[in-house]
Amino acid sequence: MKKAFYIFGIALLFSATFSCQSQGKKSEPSGVAEIANLKAPAEQDLSAYETAYFASGCFWCVEAIFESVKGVAEVVSGYAGGTESDPTYEQVSYGRTGHAEAVEVYYDPEVISYFQLVQVFFGSHDPTTLNRQGPDRGPQYRSIAFYKNTAEQQTIRAYMDALEESGVYDQPIVTEITPFTKFYPAEEYHQDYEKNNPDNPYVQNISIPRLNRFKANFSEFLKEDAH
């Protein structure tokens, strides 16, 4: 794959040894509800924000990346894209539900557009690796851009087509473009995991380097206080 900063250039056309699964995660009751009943993280009132949904590998990494983006108010780690109701981490991590580890992004469209979030999504992972992201392997780590309406679907498709035509990647993009149905928040201990567990080996060796690569290539998208 060519350097990630080439991905940002496409936007102008439009205007290891550690794995996420093995680092001591414990199964806890999910307490998952329909998306309408999702608790507001940190008791924030998030009703004024738009939402977007993506999956691109371990949600510890993906949550930290989107949390660093200006205009993003909150990011929730969870599960989407499968058929099982109220999935638990244990079920998802063993590929029993068809869900992928995903994130729910609350954002202000006056500050960051959906198109720019799609840029963040493609620019922060390798969309050419099937059922894999870095050391994490399995369908729960597959690349998915979920859309809620036709406009979002067209935005994802147009940007992905532009990436393909530009030759940014040496291999075909395997990202799924999937209609959004339900999002199930992950267990509480997964939320803000990278921030709350800086000494975790996976966080140190995979999450933080992945976050730093994104920050280096998309500095103009970052919050002033991005850690």
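This text goes with the structure placed above it.
Rules used in this analysis
Chains are numbered independently. Their residues run from 1 in the order of the written sequence. In view of the model being predicted, local features appear only for residues whose pLDDT reaches at least 70, and side-chain atom pairs are presented and counted only at 80 or more, with totals across whole chains, interfaces and linings using the full set of residues. The side-chain values count all of the structure's non-hydrogen atoms but skip hydrogen atoms and water molecules. Think of it this way: any DSSP run of H or I at least four residues long counts as a helix, any run of E at least two long counts as a strand, and we number them from the N terminus. Only the stretch in contact is used when fitting a helix axis, every axis being a line fitted to C-alpha atoms; angles between N-to-C directions are given from 0 to 180 degrees. In what follows, roughly perpendicular refers to angles from 65 to 115 degrees, roughly parallel to angles under 35, roughly antiparallel to angles over 145, and oblique to any angle outside these ranges. If you view the pair so one helix is near and one far, a crossing is left-handed when the near helix is turned anticlockwise from the far one by less than a right angle, and right-handed when it is turned clockwise. For this analysis, residues touch if any pair of their heavy atoms sits within 4.5 Å. The buried label applies to any residue whose accessible area, calculated with a 1.4 Å probe on protein chains only, is under 20% of its type's maximum; exposed applies above 50%, and partly exposed to all values in between. Strands pair, by our definition, only if DSSP identifies at least two bridges between them. A pairing counts as a salt bridge when a side-chain nitrogen of Lys or Arg comes within 4 Å of a carboxyl oxygen of Asp or Glu.

Details of unusual backbone geometry
- One non-glycine residue, Asp86, lies in positive phi territory at about 50 degrees.
- In this fold, Asp86 is placed in the loop between strand S2 (72-80) and helix H3 (89-93).
- Residues other than glycine seldom take positive phi values, yet Asp192 does so here, at roughly 55 degrees.
- One can find Asp192 in the loop between strand S8 (184-185) and helix H6 (193-196).

Quick look at the packing of helix H4 (residues 114-123) against helix H5 (residues 150-166)
- Where H4 contacts H5, the two axes come as close as 10 Å, and the packing angle between them is 45 degrees. By the criterion of interaxial angle, the relationship of H4 to H5 is oblique. With respect to the hand of their crossing, H4 and H5 are arranged in right-handed fashion. Within the contact between the two elements, H4 uses Tyr114, Phe115, Val118, Gln119 and Phe122 and H5 uses Glu152, Thr155, Ile156, Tyr159, Met160 and Leu163.

Brief notes about the pairing of strand S3 (residues 100-107)
- Counting buried positions along S3 yields 8 of 8 residues, so the element is predominantly enclosed.
- Judged by which residues are buried, S3 turns out to be covered on both faces: Ala100, Ala102, Glu104 and Tyr106 on one side and Glu101, Val103, Val105 and Tyr107 on the other are all buried.
- Bridging between S2 and S3 involves 8 bridges; their strand directions are antiparallel. Considered in S3, the bridge of Val76 is made with Glu104.

Side note on the pattern of salt bridges
- With the rule as written, the count across this model stands at 2 salt bridges.
- The residue Arg142 makes a salt bridge to Glu176 at a minimum N-O spacing of 3.1 Å. Remark: Glu176 occurs in strand S7 (residues 176-179) and Arg142 occurs in the loop between strand S5 (136-137) and strand S6 (143-147); sequence separation between them is 34 residues.
- Here Arg142 falls in the buried class, since its relative accessible area comes to 10%.
- Its relative accessible area of 32% is what places Glu176 among the partly exposed residues.
- Between Asp161 and Arg157 there is a salt bridge; the shortest N-O distance is 3.4 Å. Taken together, the residues span about one helical turn, with Asp161 and Arg157 both in helix H5 at a distance of 4 residues.
- For Asp161, a relative accessible area of 30% translates into the label partly exposed.

So, to be careful, I would describe these as geometric facts and stop short of saying anything about function.
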